Amino acid sequence: AKRGATSTHTFVAKTSKIYSTATFATRDEFLKFVKQSVHMDVDPRRFNMIEEKIELSDKFGPYSFFKYGVAQDKNAANAKGSVLILKIYGYGFIHPSDKNLMIDIMYSERGMADEIDPAFENKAKAFIDGFSVKK
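The rules behind each value
- Residues numbered from 1 in each chain as written.
- Predicted model: local features only at pLDDT ≥ 70, side-chain atom pairs only at ≥ 80, totals over all residues.
- Heavy atoms only, no water.
- Helix = DSSP H or I, 4+ residues; strand = E, 2+ residues; numbered from the N terminus.
- Rg over C-alpha atoms; globule rule 2.2 N^0.38 Å.
- Buried < 20%, exposed > 50% of the residue type's maximum accessible area, 1.4 Å probe, protein only.
- Contact = heavy atoms within 4.5 Å.
- Areas by Shrake-Rupley, 256 points an atom, 1.4 Å probe, with all protein chains shown as cover.
- Lys, Arg positive; Asp, Glu negative; His and termini not counted.
- Charge placed at Lys NZ, Arg CZ, Asp CG, Glu CD.
- Pairing = 2+ DSSP bridges.
- Axes fitted to C-alpha atoms, helices over the stretch in contact; angles between N-to-C directions.
- Salt bridge = Lys/Arg side-chain N within 4 Å of Asp/Glu carboxyl O.
- Core = buried A, V, L, I, M, F, W, Y, C linked by side-chain atoms within 4.5 Å.

## Looking at the overall build of the chain
Here comes step 1: When its secondary structure is counted, the chain shows two helices and six strands.
Here comes step 2: Seen in sequence order, the chain has helices and strands lined up from the N terminus as β-β-α-β-β-β-β-α.
Here comes step 3: Taking 135 residues into account, the globule formula puts the C-alpha radius of gyration at 14 Å, and the chain, at 16 Å, falls close to it.
Here comes step 4: Seen through its principal axes, the chain has C-alpha atoms that stretch 45 × 30 × 20 Å.
Here comes step 5: Each of the 135 residues in the chain was classed as buried or not, and the buried ones make up 39%.
Here comes step 6: The contacts in the chain between residues at least 6 apart in sequence include a share of 57% that link residues at least 24 apart.
Here comes step 7: Taken as a whole, the chain presents about 8200 Å² of accessible surface, with 52% of it coming from carbon and sulfur.
Here comes step 8: For the chain, the distance from the average site of its 21 positive side-chain charges to the average site of its 17 negative ones is 4 Å.

Below, the structure written as structure tokens:
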């Protein structure tokens with residue numbers, strides 16, 4: 001995580017591992033599970049989703065998905081009553097050699113509307129493209 005030039009502007013680049021025993025007969029079943037999981041992580045009292053895309057991807061194998069979202073953050077502690085914009089760009093996947101391990105990799109930026117970098121997606125792609133999975 002890194003602060004931008006102001007107290008309301010932040011960047012986060014992270015990877016997370018999630019252990020799960022969930023199994024999927026099809027990629028569509030996996031996508032349904034992913035969408036439900038992503039929606040459970042969004043608190044509607046704080047975030048108002050403006051744009052959302054969650055779709056299957058082959059970037060990290062057959063059980064991989066892409067996610068992109070733009071939300072209004074209505075209750076950020078450092079916003080002093082202002083509504084901030086949160087952008088998230090990332091991928092998630094079941095690890096190719098450990099079916100009980102899901103990996104989430106994401107890049108996000110939050111700030112006032114005029115603080116969000118116009119090159120956000122290019123920076124997010126560069127971060128994610130630098131990530132590789134060892135089998």
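Moving on from the coordinates now.
## Structural notes on unusual backbone geometry
Excluding glycine, a negative phi dihedral is what most residues carry, and trans is how most peptide bonds are arranged.
Here comes step 1: A positive phi angle, close to 55°, is found at K80, a residue other than glycine.
Here comes step 2: The topology assignment puts K80 in the loop between β4 (64-73) and β5 (84-94).

## Concerning the sheet that holds β4
Here comes step 1: Taken in spatial order, the six strands make up an open sheet running β1-β2-β6-β5-β4-β3, and their pairing is antiparallel. On the outer flanks of this sheet lie β1 (2-3) and β3 (47-57), each paired with one strand and no other.
Here comes step 2: Across ten bridges, β3 lies against β4 in antiparallel orientation. Paired with F47 across the bridge in β4 is D73.
Here comes step 3: Running over the sheet, helix α1 (residues 27-40) touches β3, β4, β5 and β6 (101-111) and is turned about 160° from β3.

## Focus on the pattern of salt bridges
Between side chains of opposite charge, a pair can form as their charged atoms come close.
Here comes step 1: Tallied over the entire structure, the rule returns seven salt bridges.
Here comes step 2: Between R46 and D73 there is a salt bridge, with its nearest N and O atoms 2.8 Å apart. Of this pair, R46 sits in the loop between α1 and β3 while D73 sits in strand β4; the two residues are 27 residues apart in sequence, bridging distant segments of the chain.
Here comes step 3: Classification of R46 by relative accessible area gives partly exposed; the value is 27%.
Here comes step 4: Overall, the relative accessible area of 0% leaves D73 in the buried class.
Here comes step 5: Between D129 and K59 there is a salt bridge, with its nearest N and O atoms 2.7 Å apart. Of the two residues, D129 sits in helix α2 (residues 120-129) while K59 sits in the loop between β3 and β4, which places them 70 residues apart along the sequence.
Here comes step 6: Overall, D129 belongs to the exposed group, its relative accessible area being 52%.
Here comes step 7: Within the structure, one salt-bridge network assembled from shared partners comprises R46, D73 and R110.

## Looking at the pairing of β5
Here comes step 1: With ten of eleven residues buried, β5 lies mostly within the body of the structure.
Here comes step 2: Note that β5 and β6 share ten bridges and pair antiparallel. Across the sheet, residue G90 finds its bridge partner in β6, namely M106.

## A closer look at the nonpolar core
Here comes step 1: Counting residues in each nonpolar core, the largest one holds 17 residues, and the members touching the most others are F60, Y68, Y89, Y91 and I128.
Here comes step 2: Among the elements of the structure, β4, β5, β6 and α2 are those that each provide at least two residues to this core.
Here comes step 3: Grouped together as the second largest cluster of nonpolar side chains are eight residues, L31, I54, I94 and M102 included.

By themselves these figures say nothing about function.
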